[in-house]
Amino acid sequence: MPPPARKPFGLSWEGGIFLALLLYPLFPMFERGLFAATGRSLGEQLPLVFIFALLAYGLNVVVGYTGLLHLGIAAFFAVGAYTAGIFSTAAYAFQWPFWVVLPLGALAAAGVGLLLGAPTLRLRGDYLALVTLGFGEVTKFTLKNVVGITAGSQGLSPINPPTDHPAWSDDFRPFYYLTLGVLILAALLLRNLERSRLGRAWIALREDELAANCMGLNPAKLKLAAFALGSGLAGLAGVLYATRLTSTADPNAYDFNRSIFLVCCLIVGGLGSRLGALLGVMLLVGFDNILTPIIDGAIQQQFPDAGGKIFLTFTGWRLAVFGLALILMMRFRPEGLFPSSRVKHELHPDEAVSEPVEPITMGKTTGEVAAIDGGKA
Amino acid sequence: MTFAVEPTFWTAFLQQTIDGLAFGALIALIALGYTMVYGIVELINFAHGDVFMLGGFLALTVLVLCGLEGLGVDQNRIKLDDLGLWAKAGLIALCLLLAMPFCGAINFGIDYMVYRPLRTAPRLAPLVSAIGVSFILMNVGLFWGGAQDVNFPKLVSDDNLLPADTGLRLTAKNAMVFGVTVPLMIALTLFVRFTKLGKAMRATAQNPTAARLMGINTDAVIGITFAIGGALAGAGAVVFALDVGTISYTMGFQNGLYAFTAAVLGGIGRIPGAVLGGLIIGLVRYYGSAYVGESWTGALIFGILIVILVFRPTGLLGSPTREKV
């Protein structure tokens, strides 16, 4: 058995990344250097990454921990954003401060999650995926159509910033630390939850619902809890997103593509792994917002007349790249690039593991006998 | 029975019914592919809608290669008006004859390359792979037809086939939709019920392991099921393109979801269920846009999907099944 992976300065990889992110704005030369090299500010981009990472954490609770495929997380993101829109823009009489709206958005999204989850969570896996997909589409159409409440495709704006201090709009750092702070708090919450009775019950449910039920766990209640927490985190991310844009944006910002993008992040990063969710979002958002524009710019410089042909732009290949990534991951590395040790063990029961994991069998696989032997092979 | 010439409530209602049934027959054709594949491997083939979309682009390319006008290309092309009825029918038949094997081959290839290696994997894996395949096919469609809606040659007219004094319209397009979809559905039903291969399909759907033990090559049967589903989607694509008049690389997603809703509504895995579900979805869409509002039809259809899944997950014609352990 190989020795456990070295961890930098006694921190976990996740802790190390958070520490680096916390320190990043304190060294303005990085920011200036990167800006000079690429023409875009990393400090402006990272808060968006943090918001999507928060959304990915929420989705991870449902898909990663509990094993329910959720294809409509964007709807709960939208509930958070529109809660911010309704309770903080001048169009309505509330105009509550940000610090009230932030938890309110999370609560509203969790409430909607409970409402949707209560009747639907007893459904089988792929039917549940369809219900969430359908719910996401219904939410999008509704947001577009009830113009009197949501202002249709214009979106509600302007959403009040947390403070009136001029630094809020001049400097990237206040929002950077706000979103990073929320993200770290969520990571701590999830870390503790993973080790708690509830977190272990979720994983038991994912691995074998029937067995978990026989052991006295209540699948309905557990799934509902996962749904509420996941939706709540998505709502929190939604409030932050709307605050950053100072608008709820077009309802198309909360469509199936957004949901599936987050699912892609989790699958590339590793289902059920917090580090995987964070790095998966960084990779894919980085691909979309940093790598693609740079390559497109380079192609444009090299072949100035390429713009007219869509297959000569890198953006044109985006869907194929994402699709191929999903297929290859599922085929060759279903545990993701940065897997949690338990999921990795589940999917490759015959490989040695660096950390002891209780042996668990997967329903259909033929590796059951090997799995019972644990990491011995 | 005679109707007043002025549109009354009932003539309008009957008109929505005709249009809805025509659209529904089209959706049913796509739904059949979903339901057959789900019935045999329990996989929601998200890529099915995009196979349908590629069929539309193939039909368009065939017509362009035949030298038909349209698409803003050069002069000296055949004018639509110069074509007689039989020439137009021949072109439609040619499109169908090429689009059906094309889409069948794509669907078979997807199964062979992507889904077959995942047959024993956890259920999430093929589902996520199907989404991936759907993305790739959409990208192919984007390169093939561009990001904008593309006009499809109007080979079938909007002429009314009914006498004018009924106040109703049954257009030549509607007749074409029924003329293509209904025979295909009947042929499929007969094929599954009365041929040896159809029997093998039903056996594989019921219990793949037992079917294999009885000497059925289940992998081949599953592959053929994918091919037949794809061929039906190809026929659906030609009919859709002729009926609607425009195609785009995103049309697979929306219509695929409508078709899947239809399959679930009728009872997934059941062929008559897919037809019934398709017709209901078509009616809902047309009644919805007439009596609720055009912009709400999408929400209405997905709302139905949720309600059906919650209250009767086995669909209208399905019988309750126990979860396989």
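Residues numbered from 1 in each chain as written. Chains lettered and ligands numbered in written order. Predicted model: local features only at pLDDT ≥ 70, side-chain atom pairs only at ≥ 80, totals over all residues. Heavy atoms only, no water.

Quick notes on the overall build of chain A
To keep things clear, this is the line we draw: By the criteria applied, helices consist of DSSP H or I runs no shorter than four residues and strands consist of E runs no shorter than two, each listed in order from the N terminus. The buried label goes to any residue with under 20% of its type's maximum accessible area, the exposed label to any with over 50%, and the partly exposed label to all in between, with areas taken from a 1.4 Å probe on protein chains only. Two residues form a contact once any of their heavy atoms are found within 4.5 Å. Accessible areas in this description were obtained via Shrake-Rupley with a 1.4 Å probe; residue shielding takes into account the shown protein chains only.
Along chain A, the regular secondary structure elements total 17 helices and 0 strands. Burial statistics for chain A: of 377 residues in total, 51% are counted as buried. In chain A, the proportion of contacts linking residues at least 24 apart, taken out of those at least 6 apart, comes to 73%. Of the roughly 17000 Å² of accessible surface on chain A, 65% is carried by carbon and sulfur atoms.

Description of a positive patch on the surface
Residue and element names in this part refer to chain B. Cut-off, in case you're wondering: Residues forming no salt bridge and having over 30% relative accessible area are the ones grouped into patches, like charges within 9 Å of each other and nonpolar side chains (Val, Leu, Ile, Met, Phe, Trp, Tyr) within 5 Å. The term salt bridge refers to a side-chain nitrogen of Lys or Arg lying within 4 Å of a carboxyl oxygen of Asp or Glu. In this tally, Asp and Glu contribute negative charge and Lys and Arg positive charge; neither His nor the terminal groups of the chain are included. To locate a charge, take NZ of a lysine, CZ of an arginine, CG of an aspartate or CD of a glutamate.
A grouping of Arg193, Lys196, Lys199 and Arg202 is seen on the molecular surface, where their side chains present a positively charged patch. Among the elements that take part in the positive patch, helix H6 (residues 196–206) stands out by supplying 3 residues, more than any other. Within the secondary structure, Arg193 sits in helix H5 (residues 172–194).

Observations regarding the nonpolar core
Threshold: Only buried residues count toward a nonpolar core, which is a set of Ala, Val, Leu, Ile, Met, Phe, Trp, Tyr and Cys residues joined through side-chain atoms within 4.5 Å.
Ranked by size, the top nonpolar core spans 217 residues in total, and within it Tyr57(A), Leu71(A), Tyr254(A) and Leu155(B) carry the most contacts. Discounting residues that sit within four places of it in the chain, Leu71(A) has contacts with Ala129(A), Thr132(A), Leu133(A), Phe256(A), Ser259(A), Ile260(A), Val263(A), Phe46(B) and Ile131(B).

Examining the interface of chain A and chain B
In plain terms, the rule: Using a 1.4 Å probe, buried area is obtained as the accessible area two parts lose upon being combined, added over both of them. Polar contact is defined as a pair of N or O atoms within 3.5 Å, subject to the rule that within protein one atom must be able to donate a hydrogen and the other to accept it, and that residues adjacent in sequence are counted only when both atoms are side-chain atoms.
Chain A puts 44 residues into the contact, and the matching count from chain B is 44 residues. Summing both sides of the interface, chain A and chain B together bury roughly 4000 Å²; the carbon and sulfur share of this comes to 79%. Considering only the side of chain A, the residues that lose the most area to chain B are Tyr127(A), Leu130(A) and Leu319(A), jointly responsible for 16% of the buried surface there. Inspection of the chain A/chain B interface yields 0 salt bridges. Where chain A packs against chain B, one counts 5 residue pairs in polar contact (both at pLDDT 80 or more). Elements with a contribution of two residues or more to the side of chain A that touches chain B: helix H5 (98–120), helix H6 (125–145), helix H13 (256–269) and helix H15 (318–332) of chain A. For the side of chain A that touches chain B, the element with the most residues is H6(A), which contributes 12 residues.

Overview of the packing of aromatic side chains
Spelled out, the test is: Think of it this way: a Phe, Tyr or Trp ring, Trp meaning its six-membered ring, pairs with another when their centres are within 6.5 Å, and the plane angle makes it stacked under 30 degrees, edge-to-face over 60, tilted otherwise. Either the NZ atom of lysine or the CZ atom of arginine qualifies as a charge over a ring when it sits within 6 Å of the ring centre and within 35 degrees of the ring normal.
Using the criterion set out here, one finds 37 aromatic pairs over all chains in the structure. Considering the side-chain rings of Phe52(A) and Phe77(A), the 6.1 Å spacing of their centres and the 45° angle between planes classify their relative orientation as tilted. Note that Phe52(A) is positioned in helix H3 (residues 42–65) and Phe77(A) in helix H4 (residues 73–88), a separation of 25 residues in sequence. According to the relative accessible area criterion, Phe77(A) is buried, its value standing at 0%. Feature note: the residues Phe52(A), Phe77(A), Tyr82(A), Tyr241(A), Tyr254(A), Phe261(A), Phe287(A), Phe314(A) and Phe322(A) constitute an aromatic cluster, connected by ring pairs. For the cation-ring pair, Lys140(A) lies above Phe141(A), with the distance from its terminal atom to the ring centre recorded as 5.3 Å. The residue whose ring lies beneath Arg285(B) is Phe23(B), and the NZ or CZ to ring-centre distance is 4.3 Å.

Quick look at helix H9 (residues 251–266) of chain B
Residue and element names in this part refer to chain B. Here is the rule we go by: Expected helix span is given by 1.5 Å per residue-to-residue step, counting one fewer step than there are residues.
For H9, spanning 16 residues, the distance from its first C-alpha to its last is 23 Å, which sits close to the expected 22 Å at 1.5 Å a residue. Within H9, 14 of the 16 residues are buried, which leaves it mostly tucked inside the rest of the structure. Immediately downstream of H9, the backbone of Gly267 shows phi near 110°, a positive value.

A closer look at a nonpolar patch on the surface
Residue and element names in this part refer to chain A. Residues Leu11, Leu19, Leu22, Leu23, Leu26, Phe27, Met29, Phe30 and Tyr177 make up a contiguous nonpolar surface patch of about 790 Å² in total accessible area. Listed by contribution, the elements that provide at least two residues to the nonpolar patch are helix H1 (13–23) and helix H2 (28–38). When residues in the nonpolar patch are grouped by element, the largest group, 3 residues, is from H1. Mapped onto the elements, Met29 comes out in helix H2.

Details of the side chain of Ser259(A)
Residues and elements named next belong to chain A. The topology assignment puts Ser259 in helix H13. Looking at Ser259, the relative accessible area reads 3%, which means it is buried. From its side chain, Ser259 meets the backbone nitrogen of Ala74 in a polar contact 3.1 Å long. Not counting the four nearest positions on each side in its chain, Ser259 is found in contact with Leu71, Gly72, Ile73 and Ala74.

As for the confidence of the model for chain B
Condition: The predictor attaches a confidence to each residue, and that confidence, scored 0 to 100, is pLDDT.
Residues with a pLDDT of 70 or more make up 93% of chain B, whose mean pLDDT is 86. Interface confidence for the predicted complex, expressed as ipTM, amounts to 0.85; the pTM equals 0.85.

Details of the packing of H5(A) against helix H12 (residues 219–245) of chain A
All names here are of chain A. Selection criterion: Between N-to-C directions, angles cover 0 to 180 degrees, with each direction set by a line fitted to C-alpha atoms, over the stretch in contact for helices. An angle counts as roughly parallel when it lies under 35 degrees, as roughly antiparallel when it exceeds 145, as roughly perpendicular when it falls between 65 and 115, and as oblique in every other case. Two helices that cross are described as forming a left-handed crossing if the nearer one is turned anticlockwise from the farther one by less than a right angle, and a right-handed crossing if clockwise.
The contact between H5 and H12 brings their axes to 7 Å, and the two run at 140°. Here H5 is positioned oblique relative to H12, judged by the angle of their axes. Between H5 and H12 lies a crossing of right-handed hand. Along its contact with H5, which presents Phe98, Val101, Leu102, Gly105, Ala106, Ala109, Ala110, Gly113, Leu114, Leu116, Gly117 and Ala118, the element H12 presents Leu224, Phe227, Ala228, Ser231, Gly232, Gly235, Leu236, Val239, Leu240 and Thr243.

So, the pattern of salt bridges
Residues and elements named next belong to chain A. Throughout the structure, instances matching the rule amount to 9 salt bridges over all chains. Two residues, Lys223 and Glu209, come together in a salt bridge whose shortest N-O distance is 3.3 Å. A residue pair is termed long-range when its members are at least 10 positions apart, and Lys223 in helix H12 and Glu209 in helix H11 (residues 209–214) qualify at 14 residues. Look at Lys223 and you get buried, because its relative accessible area is 5%. Take Glu209: its relative accessible area is 35%, and that puts it in the partly exposed class. Arg318 is the partner of Asp288 in a salt bridge, and the nearest nitrogen-oxygen pair spans 2.8 Å. Taken together, the residues Asp288 in helix H14 (residues 274–302) and Arg318 in helix H15 connect sequence positions 30 residues apart.

Considerations on the environment of Val101(A)
All names here are of chain A. Here Val101 shows up in helix H5. Given a relative accessible area of 2%, Val101 falls into the buried group. On a C-alpha basis, the gap between Val101 and Gly58 in space is 19 Å, while along the polypeptide they are 43 residues apart. Every residue in contact with Val101, bar those within four places of it in the chain, is listed here: Thr83, Ala84, Phe87, Ser88, Trp96 and Val239.

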